[in-house]
Amino acid sequence: MRTSVSVLLATTAIILAPAATAAAAPAPIVDGNGAIVAPSSTAISFAHTPSGARAGTTNEHESRAGVSIVKLYIAEYVVRHGDPDDQTDAVEMIRASDDAIADRLYAKYPQSISTTVAEFGLADTHVPGYWGFGTTSTHDMVTYLETKKRTDPGSPVLAAMASAHETAADGYPQNFGTALLAGVIGTKWGWSDDRAFHASASFGPDFSVAASVYGSAHQLTENVLGAFTEGEASPAEHGTPLADCPAVAWLAGDPTLGAPAQALLDTVPPQHTAAFCGV
């Protein structure tokens, strides 16, 4: 698992390098007041990383069921302050949305969520004793992701989101909501035990987005896709061979990561490539 985490971190460092990517950030559809247009059952928040511009539905600050999204806040604390074995478990908790791991980690680190809430200024997030009873907002989800991308782009939490399993520990598919927007790199999903509430939080190189719905996974996906238009493609006009970039040269011969890493590096503007690769 240690090797896996190292690979994730190296790959995520390339993904999150400041860049104009081949696919521009999705553009939210807003009304005359600048609010994202969506059914009242749905809350959506969006941030454009380069400009800092944000948009959301009128209910984006509503503190709804945190479901498995609050595992991000547990993992944030554990990967920075927990024991080594617990850090490894925290990564798997995010990738598999594993409740059993969350129970164990939160019991051992009951201060994890409250510490993250205070550090990131998550004013809409509340946890009354047990992580599974926690509530949060789409606004807080995006605030967390944007802060992480800016201050700690190599975080194992982001890497875990970028390598989530197709199926969660309980057998539920992790393939809905904001994850289906163009340009998304990593996602954390959540759902209620009765499948009547769903949420997701995602990030791309130049945006973060989160959504929740009182309804099915399909409804969340439908409402999210209906609230955005795709940005115009911006094809890469440059690129540095992996082998010529010391920071990631070891990936050049990797049969699994070599091609996607090169594709991502090709999207980085020359000035950022020079800084990242030292060339």
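Bear in mind that the values here come from a model prediction, so they are computed numbers and not experimental data.

*Asks:* What should I look at first to understand unusual backbone geometry in this one?
*Replies:* In terms of backbone geometry, most residues other than glycine have negative phi values and most peptide bonds are trans. The phi dihedral of Val-67 is positive, around 35 degrees, even though this residue is not glycine. Tracing the chain through its elements places Val-67 in the loop between β4 (64-65) and α2 (71-81). Residues other than glycine seldom take positive phi values, yet Ser-97 does so here, at roughly 50 degrees. Relative to the elements of secondary structure, Ser-97 occurs in the loop between α3 (84-96) and α4 (99-108). Here Ser-97 falls in the buried class, since its relative accessible area comes to 4%.

*Asks:* So what exactly am I meant to see when it comes to the packing of aromatic side chains here?
*Replies:* Each aromatic ring pair is described using two quantities: the centre-to-centre distance and the angle formed by the ring planes. Scanning the entire structure with this criterion turns up twelve aromatic pairs. Between Tyr-77 and Tyr-109 the ring centres are 6.0 Å apart and the planes differ by 55 degrees, which places this aromatic pair in the tilted class. With Tyr-77 in helix α2 and Tyr-109 in the loop between α4 and α5 (112-120), this residue pair connects regions lying 32 residues apart in the sequence. Residue Tyr-77 is classed as buried on the basis of its relative accessible area, which comes to 14%. Ring centres 6.3 Å apart and planes at 70 degrees place the aromatic pair Phe-176 and Trp-191 in the edge-to-face group. Residue Phe-176 is located in the loop between α7 (156-162) and β6 (186-191), and its partner Trp-191 is located in strand β6; the two are separated by 15 residues in the primary sequence. Note on Phe-176: relative accessible area 3%, which makes it buried.

*Asks:* I keep staring at the pattern of salt bridges and nothing clicks. Help me out?
*Replies:* Pairing between side chains becomes possible if they bear opposite charge and their charged atoms approach one another. Applying the stated rule across the entire model yields twelve salt bridges. The shortest N-O distance in the salt bridge between Arg-80 and Glu-76 comes to 2.6 Å. In this pair, Arg-80 and Glu-76 both sit in helix α2, four residues apart, roughly one turn of the helix. Asp-170 is the partner of Arg-195 in a salt bridge, and the nearest nitrogen-oxygen pair spans 3.9 Å. Within this pair, whereas Arg-195 is found in the loop between β6 and β7 (198-204), its partner Asp-170 is found in the loop between α7 and β6, the two being separated by 25 residues in sequence. Take Asp-170: its relative accessible area is 45%, and that puts it in the partly exposed class.

Conventions used here
- Residues numbered from 1 in each chain as written.
- Predicted model: local features only at pLDDT ≥ 70, side-chain atom pairs only at ≥ 80, totals over all residues.
- Heavy atoms only, no water.
- Helix = DSSP H or I, 4+ residues; strand = E, 2+ residues; numbered from the N terminus.
- Buried < 20%, exposed > 50% of the residue type's maximum accessible area, 1.4 Å probe, protein only.
- Phe/Tyr/Trp six-rings, centres within 6.5 Å; stacked < 30°, edge-to-face > 60°.
- Salt bridge = Lys/Arg side-chain N within 4 Å of Asp/Glu carboxyl O.

These results come straight from atomic positions and should not be treated as a statement about function.
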